[in-house]
Amino acid sequence: MAGDLRARLRGHLSEDELKLIRAFDVVGDIAIVKLPEPLLPKKHLIGRALMEVQKNVRTVLNQVSPVKGEFRTRELEVIAGENRTETSYRESGCVFKVDLAKVYFSPRLATERLRVARQVKPGEIVVNLFAGVGSYSIIIAKHSKAKLIYSIDINPHAFEYMQINIRINKVGDRVVAILGDAREVVEKELTDRADRVLMPLPELSRDFFDVALKALKPTGGIIHFYDYGEEPDIFGPSTDFVKANAAKRGFEVKVLGARRIRSYATRCYHIVLDLEIVCKK
Ligand code: SAM
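Residues numbered from 1 in each chain as written. Predicted model: local features only at pLDDT ≥ 70, side-chain atom pairs only at ≥ 80, totals over all residues. Heavy atoms only, no water.

Trainee: Tell me what's going on with helix α3 (residues 43-53), and back it up with residues and numbers.
Mentor: Listed in full, the buried residues belonging to α3 are Lys43, Ile46, Gly47, Ala49 and Leu50. Burial along α3 is one-sided: seen end-on, the buried residues are contained in an arc of 165°. Contacts from the buried residues of α3 go to α1 (2-9), β2 (30-33), β3 (59-63) and β4 (76-81). (Buried < 20%, exposed > 50% of the residue type's maximum accessible area, 1.4 Å probe, protein only. Helix = DSSP H or I, 4+ residues; strand = E, 2+ residues; numbered from the N terminus. Arc of directions from axis to C-beta. Contact = heavy atoms within 4.5 Å.)

Quick look at the structure:
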């Protein structure tokens, strides 16, 4: 995709500028680029060229801040097309309505969402601690026979879109949207409940690992623990962390799988550990 855009811009941008054109994401009919400083004077030209090479794109957004804050959102500016940040996106047979300026959303996690959904066994109770607009939860509902999926997020906009998405995908009988802080929600209403816990927010996984253990049934279950890992030992520090912290609370951990999801920075990766948690007592 970036190659087509570069070809389209050849003659309008210098060779040095063309080298700065990077891969972009498309979510529904919106494309998101992250233009470096030297390309900003040409942002409208680049936005229009992108719409010419991606015929289904109606709006091009430039990401002007990193993903930040409690809600993990980013600042975006419209550089071409319609003036909006809301779109509908299809993934794994589900439809998600999202406002890219108000909620976190990344199409790059599609493979991971389906991978987790395929592991869920019939009758399971799942707790998703950081659910966003409900993408993991709804894909699990569609691709497994899970009994219930509790789907928590602290961002009121994410909660609102999650409710809309639950309705659009007709999974309201099994996906329960909950607005609130995952720690408080688990302590108040979801202790000792889950067969499986998802923690899809690497920045908070370590702080909330005790919450995930609390949400599991007393006999144990599965935790999908998302974290960052650095070369040369990508999975070692996360594995040591979960083993030590689980042991303190009387649980044993078996690492069923360890995967790199995507590159995050030089020699640093967004990773996931699939953990089987067993009660020692
Ligand atoms: N799982 C989502 C997906 O696949 O689209 C993305 C989740 S996003 C990386 C992390 C989410 O955690 C954000 O929507 C943010 O609002 C939420 N969040 C942050 N702190 C939280 C907390 N303490 N309790 C519950 N949700 C929280």
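Now, onward.
Trainee: Please give an account of the site of the ligand that cites residues and values.
Mentor: Near the ligand there are 20 residues, and of these Arg113, Ser135, Asp153, Asp181 and Ala182 occur at the shortest range. Between a nitrogen atom of the ligand and a main-chain N or O atom of phenylalanine 130, the distance comes to 3.2 Å. Between the ligand and the protein, one listed contact pairs a nitrogen atom with a backbone N or O atom of isoleucine 154 at 3.3 Å. Among the residues making up the shell around the ligand, the classes are represented as twelve nonpolar, four polar and four charged. (Near = heavy atom within 4 Å. Polar contact = N/O pair within 3.5 Å; in protein donor to acceptor, adjacent residues only side chain to side chain. Nonpolar A, V, L, I, M, F, W, Y, C, P; charged D, E, K, R; others polar.)

Trainee: Residue-level account of the pairing of strand β10 (residues 196-199), with values.
Mentor: Of the two faces of β10, the one holding Arg196 and Leu198 and the one holding Val197 and Met199 are both buried throughout. In terms of strand pairing, strand β7 (residues 125-128) meets β10 through three bridges, oriented parallel. Paired with valine 126 across the two strands is arginine 196, which belongs to β10. Here four bridges tie β10 to strand β11 (residues 220-230), and the two strands are oriented parallel to one another. Note on β11: the bridge partner recorded for arginine 196 is isoleucine 222. (Pairing = 2+ DSSP bridges.)

Trainee: Outline the packing of α1 against α3, listing residues and values.
Mentor: Remark: α1 packs on α3, axes separated minimally by 9 Å, with the N-to-C direction vectors making an angle of 120°. Taken together, the axis directions place α1 and α3 in an arrangement best described as oblique. Once α1 is placed against α3, the crossing between them reads as right-handed. Side by side, α1 and α3 meet where Asp4, Leu5, Arg8 and Leu9 of the first sit next to Leu45, Ile46, Ala49, Leu50, Glu52 and Val53 of the second. Taken together, the residues of the contact of α1 with α3 break down into seven nonpolar, no polar and three charged. (Axes fitted to C-alpha atoms, helices over the stretch in contact; angles between N-to-C directions. Parallel < 35°, antiparallel > 145°, perpendicular 65-115°, else oblique. Left-handed = near helix turned anticlockwise from the far one by under 90°.)

Trainee: Would you mind going over the pairing of strand β8 (residues 148-153) in detail, with residue names and values included?
Mentor: Successive side chains on a regular strand alternate, one facing one side of the sheet and the next facing the other. With five of six residues buried, β8 is to be regarded as a mostly interior element. As defined by bridge partners, β7 adjoins β8 across four bridges and the pair is classed as parallel. In the sheet register, valine 126 faces β8, and the bridge partner there is isoleucine 149. Read as a crossover between parallel neighbours, the route from β7 over helix α5 (residues 135-143) to β8 is right-handed. In the sheet, β8 pairs with strand β9 (residues 175-179) via five bridges, with the strands oriented parallel. Among the inter-strand pairings, isoleucine 152 is bridged to a residue of β9, identified as isoleucine 178. (Right-handed = clockwise from strand over helix to strand, strands pointing away.)

Trainee: Describe unusual backbone geometry, naming the residues involved and giving the relevant values.
Mentor: Put simply, glutamate 231 and proline 232 share a cis peptide bond, and its omega is 10°. Counting through the fold element by element, proline 232 comes out in the loop between β11 and α10 (236-248). Backbone geometry at serine 92 places phi at a positive 50°, although glycine is not the residue there. One can find serine 92 in the loop between β5 (86-91) and β6 (94-99). Phi is positive for aspartate 192, close to 60°, though the residue is something other than glycine. Since its relative accessible area comes to 43%, aspartate 192 is described here as partly exposed.

Trainee: Give me the lowdown on the sheet that holds strand β13 (residues 268-279), citing residues and values where you can.
Mentor: An order of β9-β8-β7-β10-β11-β13-β12 is seen for the seven strands of this open sheet, with the pairing classed as mixed. At either margin of the open sheet sits one strand with a lone partner, and together these are β9 and β12 (251-265). Between one strand axis and the next, the sheet turns by 15° as a mean value, whatever way the strands run. Where helix α6 (residues 156-168) meets the sheet, it contacts β8 and β9, and its direction lies at approximately 165° from that of β9. Its contacts with the sheet place α10 against β11, β12 and β13, and it is angled at close to 150° to β12.

From the geometry alone we can't say anything about function, so treat these as descriptive.
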